[in-house]
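This is what each chain is made of:
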Amino acid sequence: MTAPHIAHAIWQTLRISVPTIWDSLRGKLSPEASDRRLAAWSRAIIERARIDLRVEGREHASPGESFVLMSNHQSLYDVPVVYQALGRRIRMVAKKELFRVPVWGRAMHRAGFIALDRQSRGRSRQTLLESSDILLSGTSIWIAPEGTRSRTGELGEFRKGGFHLALQSGCRILPISIIGTRAVLPAKGARITDGCTVRVVLHQPIDPAAFGEQHRDQLILAVRQAIASALPGAA
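Reading the values: rules and limits
Residue positions within a chain follow its written sequence, with the count starting from 1. Since the coordinates come from a predicted model, pLDDT governs what is reported: local features require at least 70, and pairs of side-chain atoms require 80 or more to be given and counted, while whole-chain, interface and lining totals use all residues. The basis for every side-chain value is the complete set of non-hydrogen atoms in the structure, without hydrogens or water. Cavities and pockets are found on a 1 Å grid laid over the protein atoms alone: a cavity is a set of points where a 1.4 Å probe fits but cannot escape, a pocket is an open set with protein on both sides within 12 Å along at least five of seven lines, and a lining residue has an atom within 4 Å of such a point. Grid points are joined across faces, edges and corners, and a volume is the space filled by probe spheres set on the points. Under the scheme applied here, ten amino acids are nonpolar (Ala, Val, Leu, Ile, Met, Phe, Trp, Tyr, Cys and Pro), four are charged (Asp, Glu, Lys and Arg), and all others, including Gly, are polar. Here a strand is any run of E in DSSP of at least two residues, a helix any run of H or I of at least four, and the numbering for each starts at the N terminus. Only heavy atoms enter the contact rule, under which two residues are in contact if any of them lie within 4.5 Å. To form a nonpolar core, buried Ala, Val, Leu, Ile, Met, Phe, Trp, Tyr and Cys residues must be joined to one another through side-chain atoms within 4.5 Å. When a residue's accessible area, from a 1.4 Å probe over protein chains only, is under 20% of the maximum for its type it is buried; when over 50% it is exposed; and in between it is partly exposed.

(A) Broad picture of the layout of surface pockets. Taken as a whole, the second largest pocket encloses approximately 190 Å³ of empty space. Around the second largest pocket sit 15 residues that line it, and Q74, G153, E154, L231 and P232 are the ones nearest its centre. Residue composition of the lining of the second largest pocket, grouped by class: seven nonpolar, six polar and two charged.

Shown next as structure tokens:
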């Protein structure tokens with residue numbers, strides 16, 4: 001990242017993290033306050049990079065419905081982009097290492113983000129299953145089933161944890177295709193390109209109840225095909 005972008009990102013992150021921790025310590029942290037801060041943070045990050053964000057399929061994201069959000073993942077900019085594209089209460093599943101980042105990690109924990117141990121599939125699955133109450137409270141959970149950012153832009157293998165969560169909670173999966181964030185900042189990249197166009201395509205929700213646990217692999221394939229259908233190179 002260039003120095004101005006780094007300084008801006010750090011400032012915006014501290015700007016929402018410090019009051020989140022302070023409110024939590026005083027017992028006054030509300031989901032609404034976290035939502036407002038996340039919206040302001042994501043908007044500021046996108047505006048700083050002058051991203052032209054275009055969203056398709058908003059009619060598929062029914063207001064008032066909690067979804068298990070699943071998208072491809074190719075850039076750190078996927079995070080603010082999804083928050084701005086959806087405009088609803090979302091908590092993210094993130095690798096546990098991020099929760100060790102001073103101030104930011106603690107704020108994520110206080111705001112209700114979900115720490116995932118990627119080194120243990122068993123622990124990861126259990127953590128996700130225990131998160132079903134979050135969905136039932138009206139919050140959508142966003143998870144990248146690839147588990148990490150793609151260096152090539154191609155979809156990687158999907159992990160099953162998020163699908164167990166969807167099947168247990170009964171919440172529908174909203175497949176999301178993100179196109180263009182890799183041009184802003186690729187995985188492991190160090191330079192941001194300003195002024196890129198980013199498309200976010202929200203697809204028809206998929207009901208896990210129509211598959212059941214016995215047809216979980218077909219559910220995974222259906223979600224994968226939906227996400228892949230809008231990516232470059234799709235037939």
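(B) Seen up close, the side chain of S140. Structurally, the position occupied by S140 is in strand β5 (residues 140-143). In contact with S140, other than residues within four places in its own chain, are E65, S66, F67, L69, R88, R89, I90, R91 and L135.

(C) Spotlight on the side chain of S24. As for its position among the elements, S24 is in helix α1 (residues 3-25). Every residue in contact with S24, bar those within four places of it in the chain, is listed here: L29 and R110.

(D) Structural detail: the nonpolar core. Core analysis: the biggest nonpolar cluster contains 37 residues, and Y77, L86, M92, F113 and I176 have the highest contact counts within it. Of all the elements in the fold, those that place two or more residues in this core are α2 (31-48), α3 (78-86), β3 (90-95), α4 (104-111), β6 (173-179) and β7 (197-202). Setting aside residues up to four positions removed in sequence, I176 forms contacts with L69, M70, S71, N72, L86, V200, V201, L202, H203 and I227. One finds V68, A222, I227 and L231 within the second-largest nonpolar core, a separate group that totals 27 residues.

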